[in-house]
Amino acid sequence: MNQSHPVIQNDVLEGFLGPRRIVFIVNPKAGVNLQKHIRESVEHHLDHRKFIYGIWHTEKAGHAAELARKAREEGYDIVVAVGGDGSINEVASVLLHTETILGMIPAGSGNGLAMHLGYGRDIDKAMRKLNMATVQTIDCGQLNGHPFINLAGIGFDGLVAKSMKGSNWRGFLPYFLHSIKAGLVFSPHPCTIETEDRTIVEKCFVVTVANGPMYGYNFKIAPDARLDDGLFSVVIFKTVPRWRYFAAIPSSLQGKIYEAGFVEHFTARQVRIRCEGANFVHVDGESIEMAGDLEFKMIPQALKVLVPRT
Ligand SMILES: [Mg+2]
């Protein structure tokens, strides 16, 4: 059989002669199991003239990073994390400073980064967006050596991450209920926050160091955060009566959290947090145990990402 490939016009393929190799790394335990139809979605919605695909499932914690490393070594052009911010974190952590491009299909509990980039919540639609996506290079953060792509920090949200960790019940409702519970039981400790140009001592309900602007479910914690400006947005919730945090939820959904009186925010390249008492730390929404000072470092232009066209 003597057939020639169709001529394809696509930025994604710029500089490439043939279809790109893409692999989907699927976390079967992420979110509310939207990813169970991933194979059908790939077969029906991915443009097979542009991509040659593989679908790999993770079998244990940490496996996504292992599979992403294998994909990189085998010369895949694009590695797609199918899961939430936690799955993206694992995959991205082995793609930093490489030519391998990160893609994502939102299937987690919190899909903050995918929502921000415009993938939406629907797996099939997100799959079609991959067909016409462009490549952008974004910054990453590092917390005591652990890379993060979206958000990291301590406080109330770290406690929510910790309580979600022990639970198999995923989705908006448990997230919401855990947040209310954490909102009631979390007790803020005095923190010292140092950046290259300021020192703040404050009893903090939340300290977020943001590369991207939002948690899952459209909660924008750092509406001004840009993924490619070489800066973190640091957002502090000072201690006020708790009802005021709950009352600020609507403004957070509208991207206006900075208007709340208890919020302080600024940008920084480097952040150190020292906190008295128990630290509830999260890195891209995953609870992590860390003792001592928390050192955040910006790694500019570290990761190539597929971004849907708007
Ligand atoms: Mg930034």
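Predicted model only: the values in this text are computed from it and were never measured.

This paragraph deals with the packing of helix α6 (residues 156-165) against helix α7 (residues 172-185). Closest axis-to-axis distance for the α6/α7 pair is 9 Å, and the angle between their directions is 130°. On the basis of the axis angle, α6 is oblique to α7. When you trace α6 past α7, the crossing you get is right-handed. Contacts between α6 and α7 pair F156, L159, V160, S163 and M164 from the former with P174, Y175, H178, S179, A182, G183 and V185 from the latter.

Right, let's talk about unusual backbone geometry for a bit. Its identity as a non-glycine residue notwithstanding, N144 has a phi of 45°, on the positive side. Mapped onto the elements of the fold, N144 is located in the loop between β5 (134-143) and β6 (146-148). At D284, a residue that is not glycine, the phi angle is positive and equals roughly 50°.

For the protein, the domain assignment lists domain 1 (11-132) and domain 2 (146-300). The distance between the C-alpha centroids of domain 1 and domain 2 comes to 26 Å. Across the contact, 19 residues belong to domain 1 and 18 residues belong to domain 2. Counting across the domain 1 and domain 2 interface gives zero salt bridges. Counting every contact that joins domain 1 to domain 2 gives three residue pairs in polar contact (both at pLDDT 80 or more). Elements with a contribution of two residues or more to the side of domain 1 that touches domain 2: α3 (85-93) and α4 (112-117). Per-element tally for the side of domain 1 that touches domain 2: the top contributor is α3, with six residues. Of the residues belonging to the side of domain 1 that touches domain 2, the class tally is seven nonpolar, 10 polar and two charged.

What counts and how
- Residues numbered from 1 in each chain as written.
- Predicted model: local features only at pLDDT ≥ 70, side-chain atom pairs only at ≥ 80, totals over all residues.
- Heavy atoms only, no water.
- Axes fitted to C-alpha atoms, helices over the stretch in contact; angles between N-to-C directions.
- Helix = DSSP H or I, 4+ residues; strand = E, 2+ residues; numbered from the N terminus.
- Parallel < 35°, antiparallel > 145°, perpendicular 65-115°, else oblique.
- Left-handed = near helix turned anticlockwise from the far one by under 90°.
- Contact = heavy atoms within 4.5 Å.
- Domains from an automatic or database assignment.
- Salt bridge = Lys/Arg side-chain N within 4 Å of Asp/Glu carboxyl O.
- Polar contact = N/O pair within 3.5 Å; in protein donor to acceptor, adjacent residues only side chain to side chain.
- Nonpolar A, V, L, I, M, F, W, Y, C, P; charged D, E, K, R; others polar.

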